[in-house]
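Observations on the model geometry
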Amino acid sequence: MTAPADADAGLPEPVPSRVGISRPAPLGDSLQPYLPLSTEETENLRGQHAGFASRFIAFIVDCVVSIGVFMLVLGAASFAASVLTGSSIHWSRANTWVVVAFFAWEFLYYAYFWTASGKTPGMVLLGVQVVGQDGSSVGTKRGLLRTLAFPLSFLLLGLGFLGILLGRDRRALHDVIADTAVVYCWDAREARLRSLAREGSSRQP
Amino acid sequence: MIDLVVESLDLNALIAQIDLNAVLARVDLNEVVDRMDLNEVVAHIDLDEVVARVDMNKLLARVDINQIVSRIDVETLVKNTDLGAIMVSSSSTLATEAVDQGRSHAVSMDDTLARWVSRIRRNHTGRAEPPELPNTPEEP
């Protein structure tokens, strides 16, 4: 599971894992980057069902992006109103229109990205992608259905996400409803070679 | 006189009776080769003509390129040659490096979580077969 000895020279040894993917060794004081995954792992990663951490981090990134854009738009609207009318508008969560606009915006955000490419900005960053359960592209129907079913996983006290941790194919409730799955789509092999190249070029005079 | 004897002999029948393998077994071929001036032998060979006679397509068709490539240690090659530097300068930025590491950490966390869950459930069954991906370009 580990890379050849030469490749790992001077770097912390990855800790072997029982279920396939090695954990990085702690960096300690060396501040050296660890090699991202081993050769076998990188060759097999693409197309595997994505795990909870990757999906959760992607979701957090999407929250930051979507809420950030929404706040910017609200701020811009408030600024425009103050310039045009002379009186400023203070948005608050008590304002029904703000709440409705927020949910509409979130729906549009996820629906657009999932139907268009299967990847939200957060998913692009983490290298994961929504696909049909059979591996086909999501498409408009499944993308919209997934977006509509997404809140259900939250409304059931988060139990809808348990399938990602416990299920064999790591599917949440909204995945099951929309007949979709989330898979890794980044080229881990290329990333590993880039890492080795960086290490090699930093050593050469 | 000798000519008459030679003419009366059936040399082909004589040679047929000789066990050439036994004769060759007694010859020290290494010594024979050592005595040869191979440079002079090679100098007499028209290599261009030899190569011209070779059907390169047929020759290459018999070579398993995949097997040759699989024997190359690409990782060592990238690490220890200018190829690595070229790759870094052409494709790698600080942002790419950060993204690569972030994704790798996330995958490692996925694995850690999966291991914990497996231990808690005492269930060591493997994951489901992954779906076949659509023909979309890979993420860089």
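These numbers were taken from a predicted model, which means no experiment stands behind them.

We now examine the overall build of chain A. From N to C terminus, chain A includes eight helices and two strands. Ordering the α and β elements of chain A from the N terminus gives α-α-α-α-β-α-α-α-β-α. Split into buried and exposed, the 205 residues of chain A put 39% on the buried side.

Note that soluble globular proteins tend to have their nonpolar side chains buried in a common cluster. Core analysis: the biggest nonpolar cluster contains 31 residues, and Ala58(A), Leu126(A), Val128(A), Val182(A), Val183(A) and Tyr184(A) have the highest contact counts within it. If you list the elements that add at least two residues to this core, you get helix 2 (52-85), helix 3 (96-116), helix 4 (121-126), strand 1 (128-132), strand 2 (180-184) and helix 8 (188-203) of chain A together with helix 11 (94-121) of chain B. Those residues within four positions of Ala58(A) in sequence are excluded, and the remaining contacts are Gly122(A), Met123(A), Leu125(A), Leu126(A) and Val128(A).

Now for the pairing of strand 2 of chain A. Residues and elements named next belong to chain A. In terms of burial, strand 2 is a largely internal element, five of the five residues being buried. Along strand 2, one buried face is formed by Thr180, Val182 and Tyr184 and the opposite face, lined by Ala181 and Val183, is buried too. Here five bridges tie strand 1 to strand 2, and the two strands are oriented antiparallel to one another. Bridging across to strand 2, glutamine 129 finds its partner in valine 183.

Residue and element names in this part refer to chain A. Non-glycine residue leucine 157 carries a positive phi angle of around 55 degrees. Along the polypeptide, leucine 157 turns up in the loop between helix 5 (139-155) and helix 6 (162-166). Positive phi, close to 50 degrees, is recorded for arginine 170, a residue that is not glycine. As for its position among the elements, arginine 170 is in the loop between helix 6 and helix 7 (173-178). Judged by local crowding, arginine 170 falls into the buried class, with 25 C-beta atoms found within 10 Å.

Our next topic: the confidence of the model for chain B. Residue and element names in this part refer to chain B. Taken as a whole, chain B shows an average pLDDT of 77; of its residues, 77% reach a score of 70 or greater. In the model of chain B, helix 10 (residues 82-91) stands out as the element of lowest mean pLDDT, 64, in contrast to helix 11, which has the highest, 87. Interface predicted TM-score (ipTM) for the complex: 0.71; the corresponding pTM is 0.61.

Procedures and definitions
- Residues numbered from 1 in each chain as written.
- Chains lettered and ligands numbered in written order.
- Predicted model: local features only at pLDDT ≥ 70, side-chain atom pairs only at ≥ 80, totals over all residues.
- Helix = DSSP H or I, 4+ residues; strand = E, 2+ residues; numbered from the N terminus.
- Buried ≥ 20, exposed ≤ 12 C-beta atoms within 10 Å, placed from the backbone.
- Core = buried A, V, L, I, M, F, W, Y, C linked by C-beta atoms within 7 Å.
- Contact = placed C-beta atoms within 7 Å.
- Pairing = 2+ DSSP bridges.
- pLDDT = per-residue confidence, 0-100.

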